[in-house]
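Overview (structure and organization)
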Amino acid sequence: MREIIFDTETTGFDPKNGHRLVEIGCIEMVNRVATGAVFHAYCHPERDMPAEAEAVHGLSLAFLSDKPKFAVHAPGLIEFLGDAPLVAHNAAFDFGFLNAELEAVGHAIISLDRMVDTIAIARRKHPGAKLSLDALCSRYGIDRSHRTKHGALLDAELLAQLYVELLGGRQIGLELAADEVPSGTIQSHQPFTISRAGMPANTLTCSGQSTRPFRTPRPHSPSDAELARHATFMAGFGDPIWTRA
């Protein structure tokens, strides 16, 4: 199953009041595993940037001044989204801005049937608890130490991890090593980064190698002797029902 985890940054809270989308970050997941495919774009807002919004995401009008308008990014974004479900935190907000931008440039809006809201999932699992992305990352032990400001791709990467945890979870950082990993090392994911003019890059995943010892998988298939003993044991049953036609 293909899903898209996404987040947006904007100039304000409501597109009906003239606010615009300025950044969108999307991460592709298949069967709840990130594939490494991402879509990330900055958009010129065609208006001023309120100081309150800039304080949240750090995107100034000067930084966005040479960025393409949303219309330029729209065809590539629509192709990347495909017909997959779209997962967001407080999804009604992100869908509102995304559909307002699509409608403004003459594209069909995205059906709300495709919307998956992680806040709604978290509210069912943790009634009465804090439901912000920061609070839920803390609850599930998801590292966000590299997050100094909001960023669409950065927040989508955190949300992808949170989404998996909310749906049942997996241990953070626990992965099966490939057979070809050389003895003595365990490979980790290559990073992808967000960099902004005049701002340090944010690394979203760790890279490099661990010095933990690599242990080859133990064989779990039965030996010929074990199969023979099993056959002898099964032959001791008189007229078992599983042999009847």
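To keep things clear, this report deals only with the structure shown in the data block.

Quick notes on the rules
Residues numbered from 1 in each chain as written. Predicted model: local features only at pLDDT ≥ 70, side-chain atom pairs only at ≥ 80, totals over all residues. Heavy atoms only, no water. Helix = DSSP H or I, 4+ residues; strand = E, 2+ residues; numbered from the N terminus. Buried < 20%, exposed > 50% of the residue type's maximum accessible area, 1.4 Å probe, protein only. Contact = heavy atoms within 4.5 Å. Core = buried A, V, L, I, M, F, W, Y, C linked by side-chain atoms within 4.5 Å. Pairing = 2+ DSSP bridges. Axes fitted to C-alpha atoms, helices over the stretch in contact; angles between N-to-C directions.

1. Observations concerning the side chain of H73
Locating H73 in the fold gives a position in helix α3 (residues 70-81). We classify H73 as buried; its relative accessible area is 17%. The residues contacting H73, other than those within four sequence positions of it, are F39, A41, Y42, C43 and P68.

2. Considerations on the nonpolar core
By size, the foremost hydrophobic cluster in this structure holds 22 residues, and its most contacted members are F6, I24, C26 and L98. In terms of nonpolar packing, the next biggest core, distinct from the first, is built from 19 residues, I5, V87, I119 and L133 among them.

3. Looking at the pairing of strand β1 (residues 2-10)
The buried fraction of β1 is high, at 8 of 9 residues. Bridge count between β1 and strand β2 (residues 21-30): 9 bridges; the pairing is antiparallel. Paired with T10 across the bridge in β2 is L21. Two elements, β1 and strand β4 (residues 86-88), share 2 bridges in a ladder whose sense is parallel. When the bridges of β4 are listed, I4 appears paired with L86.

4. Examining the sheet that holds strand β5 (residues 115-117)
One open sheet holds the 5 strands; their spatial order is β3-β2-β1-β4-β5, and the pairing between them is mixed. Sheet topology places β3 (33-42) and β5 at the edges, where each strand pairs with a single neighbour. Pairs of neighbouring strands in the sheet enclose a mean axial angle of 25°, with direction left out of account. Packing of α3 onto the sheet brings it into contact with β1, β2, β3 and β4, and relative to β3 it is tilted by some 165°. On top of the sheet, helix α7 (residues 152-166) reaches β1, β2, β3, β4 and β5; it is set at about 140° to β1, its chief contact.

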